[in-house]
Amino acid sequence: MTFNVLHGQAMTGGRPVAFGVGEAAGEPLGAAVAALDADVVALQEVDRAQERSGRIDQARVAADAMGAAHWRFASAVHGRSVPGEGWVLDPKAPDLRVYGPPGAGAGAGAGADTDTDTDAGAAGGVEAYGDAPAHGVALLTRLPVRHWRARRLAPAPFALPLRVAGRPGLVWVRDQPRAVLAAVLEGNAGPFTAVALHLSFVPGWNARQLAAVRRWIADLPRPYLLLGDFNLTGAVPRTVLAATGRERWHDLARTPTYPAHRPLVQFDHILAHGVPPSSVRPALTSATAPLTPLSDHRPLVADVQW
C-alpha cells in the first residue's frame, strides 16, 4: 500500500477536521492504516513531533496499528509547519535523519543496517535532534528486513501555484526537499526491494528525481516495488523508469487517487519490475483506492502474488 496521509489530517467533503489532543491525535491515522491490512506500507507527508499533529510520532503510530515490527521514518525537513508561512526550518538540525523503533537507533544512518546518501550531507548528534520536529516519508513492513537505505532529494529552485487542502483557489507553494527510503525485504521466495518515495510537484524535476532513485537502487536485489506519491500521472512514471534502465515496469494499480472526495487523477502509484506477468495480472484486477477519513489523497492497495 501507498498512502499520502497529509500529516494524518482528517477530512470531510474535502475540508480539514480539527485534530484530536495527545494520543487521540494519532487514532484516525492508526485506524485507517490498520483497516487496510497491508504487509508493506509506504506513507508520505508524515509528521514527527509536529505541534499541528499533536507532537506524536506518526510513523510509529501507524506501524503499531498494523503490527509492523520493522519500520523507518526518513526526514525530508527538520522544522515547524507554520500556517501561512510554510516550513520554518531548523538551521541546526541535519538535512536527513532516519528514525526507527526502539533499539534501532536514530541518526544519519539510523543503525548499522542502514546506509545514507544525501544531497547535502547529514550531520549532528543523535541526542540533539532525537525530538526535533520533522516531516518526511515512512516505510513499514511485517516482513523481515535485511537492509535499509535512505536518501534526500533536493527541491526545485522555484514555486508553483497549487490547490491546497482547506484553502480556496490557487496558492503559491515553494518546493521542499524530499526523502526516499528503501528496504530489502525477505519474501517467501527470496529477497526483494521496496522503495517509499514522494517526488516533487514541479514537472520535469520530479521525473529527474525518479530517474535518480532508479539509479540509486540499481545494486539492490530484484524484484523492485516503488510505492509513493509520484506527482506524475498516467504512464509517465513507468515511461521515465523504462527510459532510465531500458526495463519493463508494470503499474499494479490504475485508478484515480486525487482528490480523495472525488478522484480525478492518479498521482499515487505502485510500480513493479521483475515480477512475472502471471503475477501482475491478478494484482491489477484486485487493486483498490478506498475512501478513508484521512487526507486529500486516497490510499492505493494492491495484492501481489510473488
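For the structure itself, look to the data block above.
Residues numbered from 1 in each chain as written. Predicted model: local features only at pLDDT ≥ 70, side-chain atom pairs only at ≥ 80, totals over all residues. Heavy atoms only, no water.

Q: I keep staring at the environment of Leu153 and nothing clicks. Help me out?
A: Relative to the helices and strands, Leu153 is located in strand 11 (residues 145–153). Residue Leu153 is classed as buried on the basis of its relative accessible area, which comes to 3%. Taking the C-alpha atoms as reference points, Leu153 and Val213, 60 residues apart in sequence, are found 9.1 Å from one another. (Helix = DSSP H or I, 4+ residues; strand = E, 2+ residues; numbered from the N terminus. Buried < 20%, exposed > 50% of the residue type's maximum accessible area, 1.4 Å probe, protein only.)

Q: What is the right way to read the nonpolar core from this model?
A: Membership of the largest hydrophobic core comes to 28 residues, with the highest contact counts inside it found for Ala74, Leu139, Leu181, Leu225, Leu252 and Ile270. Sorting the residues of this core by element identifies strand 4 (40–48), strand 5 (70–82), strand 10 (134–141), strand 11, strand 14 (178–187), strand 15 (190–198), strand 16 (224–229) and strand 18 (268–273) as the ones contributing at least two each. Residue contributions to this core peak at four residues, all from strand 14. Sequence-distant contacts of Leu139, that is, excluding residues within four places in its chain, are made with Val40, Val41, Ala42, His70, Trp71, Arg72, Trp148, Leu181, Ala182, Ala183, Ala194 and Ala196. Met1, Ala10, Ala32 and Ala68 belong to the second-largest nonpolar core, a separate cluster that totals 25 residues. (Core = buried A, V, L, I, M, F, W, Y, C linked by side-chain atoms within 4.5 Å. Contact = heavy atoms within 4.5 Å.)

Q: Before we go on, may I ask you to explain the pairing of strand 15 in this structure?
A: For strand 15, a buried count of eight out of nine residues is recorded, marking the element as mostly surrounded by other parts of the structure. Where strand 14 and strand 15 come together, eight bridges link them in antiparallel fashion. Residue Val180 lies in a different strand from strand 15, and its bridge partner there is Leu197. The hairpin turn running from strand 14 into strand 15, its antiparallel successor, is two residues long. Pairing of strand 15 with strand 16 involves six bridges; the strand directions are parallel. Residue pairing across strands places His198 opposite Asp229, the latter belonging to strand 16. For the crossover from strand 15 across helix 4 (residues 205–216) to strand 16, the handedness is right-handed. (Pairing = 2+ DSSP bridges. Right-handed = clockwise from strand over helix to strand, strands pointing away.)

Q: Would you explain the side chain of Thr141 in this entry?
A: Locating Thr141 in the fold gives a position in strand 10. Separated by 2.9 Å, the side chain of Thr141 and the backbone nitrogen of Leu143 make a polar contact. Residues contacting Thr141, with those up to four places away along its chain left out, are Asp39, Val40, Ala68, Ala69, His70 and Leu185. (Polar contact = N/O pair within 3.5 Å; in protein donor to acceptor, adjacent residues only side chain to side chain.)

Q: When you look at helix 5 (residues 236–245) in this model, what are you seeing that I'm missing?
A: If you check which residues of helix 5 are buried, you get Pro237, Val240 and Leu241. Down the axis of helix 5, the smallest arc covering the buried residues is 95°, so these residues share one side. Contacts from the buried residues of helix 5 go to helix 4, strand 16 and strand 18. Of the residues trailing helix 5, Arg246 is marked for its positive phi of about 55°. (Arc of directions from axis to C-beta.)

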